[in-house]
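Residue strings, one per chain:
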Amino acid sequence: DAGVIQSPRHEVTEMGQEVTLRCKPISGHDYLFWYRQTMMRGLELLIYFNNNVPIDDSGMPEDRFSAKMPNASFSTLKIQPSEPRDSAVYFCASSVGFSARSPLHFGNGTRLTVT
Amino acid sequence: AQSVTQLGSHVSVSEGALVLLRCNYSSSVPPYLFWYVQYPNQGLQLLLKYTTGATLVKGINGFEAEFKKSETSFHLTKPSAHMSDAAEYFCAVSEPRANNLFFGTGTRLTVIP
């Protein structure tokens, strides 16, 4: 089991540029989550999918952020245009079901720096 | 509404000493409770969880936590700290039969040789 795979591990970009973060969930997992972690705000849920369908995107900060899951094995989080305040570590996680019996499996994250 | 409060953003202990990381929650229904650990440059990993039944829950790496309903607490303990325990620890709460999971702000544990 390769675990949740995120790419890239690090991304440095200039303000105004488009950024795309990628995630491959664990095979067979039907839930996928995108989190953002910062010192100031801690761990925030941005959006989650069930069977490739977005269920709750209320945590997405603004229209500059969008997420897609075109199939069961791939998801993207896009920021366009990026701003310095978007600098954070972005985590993808997946699970089988969404309950206490189904712990989240996190990827190693993408550290985004917007200058 | 549910929430989680972790008292102390940083905790330092000596190697071999007791580890105690505090977590208090608020929930309108009996909650499910979790502790996750995050090692440097990695994602979070489940350490242990409480759903129902025995209130003392044992997890990986010698950690355990006790659900105390009267105190609305779920503190994490380990009798003897190891250097490898240095990490950030997150308490989380969810409501049974609801698709939600709320994380605390985390406690960074430092182990002093």
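Residues numbered from 1 in each chain as written. Chains lettered and ligands numbered in written order. Predicted model: local features only at pLDDT ≥ 70, side-chain atom pairs only at ≥ 80, totals over all residues. Heavy atoms only, no water.

Student: Give a detailed account of the layout of surface pockets, specifying residues and quantitative values.
Tutor: Estimated volume of the largest pocket: approximately 660 Å³. Along its surface, the largest pocket is lined by 34 residues, and A:Q37, A:M39, B:Q38, B:E88 and B:R108 are the ones closest to its centre. Elements supplying a minimum of two residues to the lining of the largest pocket: strand 4 (31-38), strand 5 (42-50), strand 9 (88-95) and strand 11 (110-114) of chain A together with strand 10 (87-94) and strand 12 (107-112) of chain B. Examining the composition of the lining of the largest pocket, we find that four residues originate from one element, strand 11 of chain A, more than from any other. Per-class residue counts for the lining of the largest pocket are 13 nonpolar, 16 polar and five charged. As a volume, the second largest pocket reaches approximately 230 Å³. Considering the residues around the second largest pocket, the lining is formed by 15 residues, among which A:Y35, A:E44, A:L45, B:L101 and B:F102 are closest to the centre. (1 Å grid on protein atoms, 1.4 Å probe; cavity = no way out; pocket = protein on both sides within 12 Å on 5 of 7 lines; lining within 4 Å. Points joined across faces, edges and corners; volume = space filled by probe spheres on them. Helix = DSSP H or I, 4+ residues; strand = E, 2+ residues; numbered from the N terminus. Nonpolar A, V, L, I, M, F, W, Y, C, P; charged D, E, K, R; others polar.)

Student: Could you give an account of empty space enclosed by the protein, with specific residues and numbers?
Tutor: One pass over the structure, following the stated rule, counts one cavity of 30 Å³ or more. In this structure, the largest cavity spans a volume of roughly 60 Å³. Along the lines of polarity and charge, the residues of the lining of the largest cavity split into seven nonpolar, four polar and no charged.

Student: How would you summarise the environment of B:A92 if you had to cite specific residues and measurements?
Tutor: Residue and element names in this part refer to chain B. Summarising the element assignment, A92 is placed in strand 10. Separated by 69 residues in sequence, A92 and C23 have C-alpha atoms that sit 8.8 Å apart. Residue contacts for A92: discarding those within four places in its chain leaves V4, Y32, L33, F34, L101, F102 and F103. (Contact = heavy atoms within 4.5 Å.)

Student: Tell me what's going on with the interface of chain B and chain A, and back it up with residues and numbers.
Tutor: Tallying the contact residues gives 16 residues for chain B and 17 residues for chain A. Buried area between chain B and chain A, summed over both chains or domains, comes out near 1,500 Å², and the portion from carbon and sulfur atoms is 55%. Linking chain B with chain A are zero salt bridges. Our count for the chain B to chain A interface comes out at five residue pairs in polar contact (both at pLDDT 80 or more). Mapped onto the side of chain B that touches chain A, the elements with two or more residues apiece are strand 5 (32-38) and strand 6 (44-50) of chain B. A total of four residues in the side of chain B that touches chain A trace back to one element, the largest contributor, which is strand 5 of chain B. Within the side of chain B that touches chain A, the residues separate by chemical class into eight nonpolar, seven polar and one charged. (Buried area = accessible area lost by both parts, 1.4 Å probe. Salt bridge = Lys/Arg side-chain N within 4 Å of Asp/Glu carboxyl O. Polar contact = N/O pair within 3.5 Å; in protein donor to acceptor, adjacent residues only side chain to side chain.)

Student: Can you explain the pairing of strand 3 (residues 19-24) of chain A? Please cite residues and give values.
Tutor: Walk down a regular strand and you will see the side chains alternate between the two sheet faces. Residue and element names in this part refer to chain A. The sheet contact formed by strand 1 (residues 5-7) and strand 3 spans three bridges and is antiparallel. Each residue of the ladder has a partner; that of S7, found in strand 3, is R22. Sheet analysis places strand 3 next to strand 8 (residues 74-79), joined by five bridges and oriented antiparallel. Looking across to strand 8, one finds that T20 is bridged to K78. (Pairing = 2+ DSSP bridges.)

Student: Residues and numbers for the packing of aromatic side chains, please.
Tutor: According to the stated counting rule, one finds 18 aromatic pairs over all chains in the structure shown. Ring plane angle 65 degrees and centroid distance 5.7 Å describe the contact between A:Y31 and A:F98, whose orientation is recorded as edge-to-face. Placement of the pair is A:Y31 in strand 4 and A:F98 in the loop between strand 9 and strand 10 (105-106), with a sequence separation of 67 residues. Here A:Y31 matches A:F98 in class, with each residue buried. A connected cluster of aromatic rings, assembled from ring pairs, spans A:Y31, A:F33, A:Y35, A:Y48, A:F91, A:F98, A:F106, B:F34, B:Y36, B:F90 and B:F103. (Phe/Tyr/Trp six-rings, centres within 6.5 Å; stacked < 30°, edge-to-face > 60°. Buried < 20%, exposed > 50% of the residue type's maximum accessible area, 1.4 Å probe, protein only.)

The values are spatial; any link to function lies outside them.
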